[in-house]
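# Report on the structure
Here's the letter readout for the chains.
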Amino acid sequence: MKDSPTTGHKDAGPSHGGPGTDLAAPEGQALENRFANPGLPAHRFRTTDTDPKAAKNAERQVSTIFLLSAVGTIVFMVGYFALPIDDDKSFGRLQLSTLVLGLGLGFAIFCIGIGLVHWAKTLMPDHEQVELRHDIRGTDEERRDASNIILDGVEESGVMRRTVIRNSLIAALGILPIPAVVLFRDLGPLPGTVLRESLWEEGVRLTRDPDGTPIRAADVTFGSVFHVIPDGLAESSHPIEEKAKAAVLLIRIQPEEVQPDAEREGWDYGGIYAYSKICTHVGCPVALYEQQTHHLLCPCHQSTFDLTQHCKVIFGPAKRPLPQLPITVDSEGYLVASAGFPYPPGPSYWERGGSE
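Residues numbered from 1 in each chain as written. Predicted model: local features only at pLDDT ≥ 70, side-chain atom pairs only at ≥ 80, totals over all residues. Heavy atoms only, no water.

Helix and strand content of the chain: seven helices and 12 strands. When the 356 residues of the chain are sorted by exposure, 33% land in the buried category. When the accessible surface of the chain is split by element, carbon and sulfur atoms take 58% of a total near 22800 Å². (Helix = DSSP H or I, 4+ residues; strand = E, 2+ residues; numbered from the N terminus. Buried < 20%, exposed > 50% of the residue type's maximum accessible area, 1.4 Å probe, protein only. Areas by Shrake-Rupley, 256 points an atom, 1.4 Å probe, with all protein chains shown as cover.)

So this is what it looks like as structure tokens:
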């Protein structure tokens, strides 16, 4: 910015259209056009535009690609029924089934995409057009013109005239959703009471995870934490699924630090408390314990449970406290469950019910 020698005011400078620039036209005159409108380049016709035989070949190619898509869908269906994993759950069978299903469905979708692109590039009009800006809501005449443009586009695409392409595309798209429908079968029946049940019941010993060593009450010192699984987990029919419901944290704190609760009287043993290890948000393992604050933390989404308030949620997205496992000792001094969980562990599901 500098002072004008005639007025004493600050000049805007060249970058602001001040003296010495041609960005602002003289008063009363129009701004000069310094660049001529080059217009659109000359249209280059494709072979399929001028040669009916080439257009027919392109039509056959597009149809073939769509039919190949249908083959991919059929491969998926054959693989789904020919390679079941219900009885044979070996890694090799699972890997082969996943490979066949993935390649079949991926090839089907890929061919439809390639066919549409090839159709557009070889047979649909490719004239360059300039679209001028206009108000968002056009007049009735403009809206009729827009409708006519859509109808003209349908006509120019040839979808009504090129019956081979149209029918092959309909066939490919018609059977493409079948794999999605079939996959609903894998959702299986509703869970019923399965998610409410676990291996914990009266008399089941608490054992260390993962070696399965029983735990004596005398070995649990104040401030210590044990990762616990029910005795006999390894011998169950579905150990991984059962562990996802039965994993427990065992912690010992001074009983007077815990808020009294008449309904939970006798659920601990000398300040030894057992709580589900499965976060009630989305099922992550709650494996972090702050000894000074007696807080249990979920590392996935930072839900925090207060052990002194019977694992009530004090922070994070979880909505329910961790279920407590009632415990006692057997005649040999080993910790055992005196009952199962009072309500289902883990995150919510459709039929869970209640707001524990």
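Below, the discussion takes up the sheet that holds strand E7 (residues 288–290). Strands sit in the order E7-E8-E9-E10 across an open sheet of four strands; the sheet is antiparallel. Of all the strands in the sheet, the pair left with one neighbour each is E7 and strand E10 (312–315). The average angle at which neighbouring strand axes cross in this sheet is 35 degrees, direction not considered. (Pairing = 2+ DSSP bridges. Axes fitted to C-alpha atoms, helices over the stretch in contact; angles between N-to-C directions.)

Now for the environment of Val228. Inspection of the secondary structure assignment puts Val228 in strand E4 (residues 225–230). Spatially, the C-alpha atoms of Val228 and Arg208 are 4.8 Å apart, while their sequence positions differ by 20 residues. Every residue in contact with Val228, bar those within four places of it in the chain, is listed here: Trp200, Leu206, Thr207, Asp209, Ile215, Ala246, Ala247, Val248 and Leu250. (Contact = heavy atoms within 4.5 Å.)

On to the packing of aromatic side chains. Applying the stated rule across the entire model yields three aromatic pairs. Ring centres 6.4 Å apart and planes at 15 degrees place the aromatic pair Phe76 and Tyr80 in the stacked group. Of this pair, Phe76 and Tyr80 both sit in helix H2 (residues 52–82), four residues apart, which is roughly one turn of the helix. Like Phe76, the residue Tyr80 is buried in the burial classification. Ring plane angle 15 degrees and centroid distance 6.5 Å describe the contact between Tyr273 and Tyr275, whose orientation is recorded as stacked. Per residue, the accessibility class of Tyr273 equals that of Tyr275, and both read buried. One aromatic cluster is present, built from ring pairs that chain together Phe76, Tyr80 and Phe81. One Lys or Arg, Arg216, reaches over the ring of Tyr334 and ends 4.3 Å from the middle of that ring. Over the face of the ring belonging to Phe222 we find Arg252, whose NZ or CZ atom lies 4.7 Å from the ring centre. (Phe/Tyr/Trp six-rings, centres within 6.5 Å; stacked < 30°, edge-to-face > 60°. Lys NZ or Arg CZ within 6 Å of the ring centre and 35° of its normal.)

For the structure on display, the rule yields one disulfide. Disulfide pairing places Cys284 opposite Cys300 at an S-S distance of 2.4 Å. Torsion about the S-S bond of the Cys284 and Cys300 cystine: about -105 degrees, corresponding to left-handed handedness. With Cys284 in the loop between strand E6 (272–276) and E7 and Cys300 in the loop between strand E8 (295–297) and strand E9 (304–306), this residue pair connects regions lying 16 residues apart in the sequence. You can call Cys284 buried: its relative accessible area is 13%. Overall, the relative accessible area of 36% leaves Cys300 in the partly exposed class. Note on Cys279: no disulfide assigned, nearest cysteine sulfur contributed by Cys298 at a separation of 3.9 Å. The exposure class of Cys279 is buried, given its relative accessible area of 1%. Of the residues examined, Cys298 reaches a relative accessible area of 2% and is grouped as buried. (Disulfide = S-S within 2.5 Å.)

What follows deals with the pairing of E6. The buried fraction of E6 is high, at five of five residues. Here E6 shows two buried faces, one formed by Ile272, Ala274 and Ser276 and the other by Tyr273 and Tyr275. Across five bridges, the pairing between strand E5 (residues 248–252) and E6 is antiparallel. Bridge pairing in E6 places Leu249 opposite Tyr275.

In this structure, Pro210 follows Asp209 across a cis peptide bond, with omega equal to 15 degrees. One non-glycine residue with positive phi stands out, namely Cys311, at about 60 degrees. Under the relative-accessibility criterion, Cys311 is labelled buried at 0%.

We now examine the side chain of His310. Residue position: His310 is located in the loop between E9 and E10. Among the polar contacts listed, one links the side chain of His310 to the backbone oxygen of Gln259, at a separation of 2.7 Å. Polar side-chain contacts of His310 include one of 3.5 Å to the side chain of Tyr275. Leaving out residues up to four positions away in the same chain, His310 has contacts with Val258, Gln259, Pro260, Asp261, Arg264, Tyr275, Pro321, Leu322 and Gln324. (Polar contact = N/O pair within 3.5 Å; in protein donor to acceptor, adjacent residues only side chain to side chain.)

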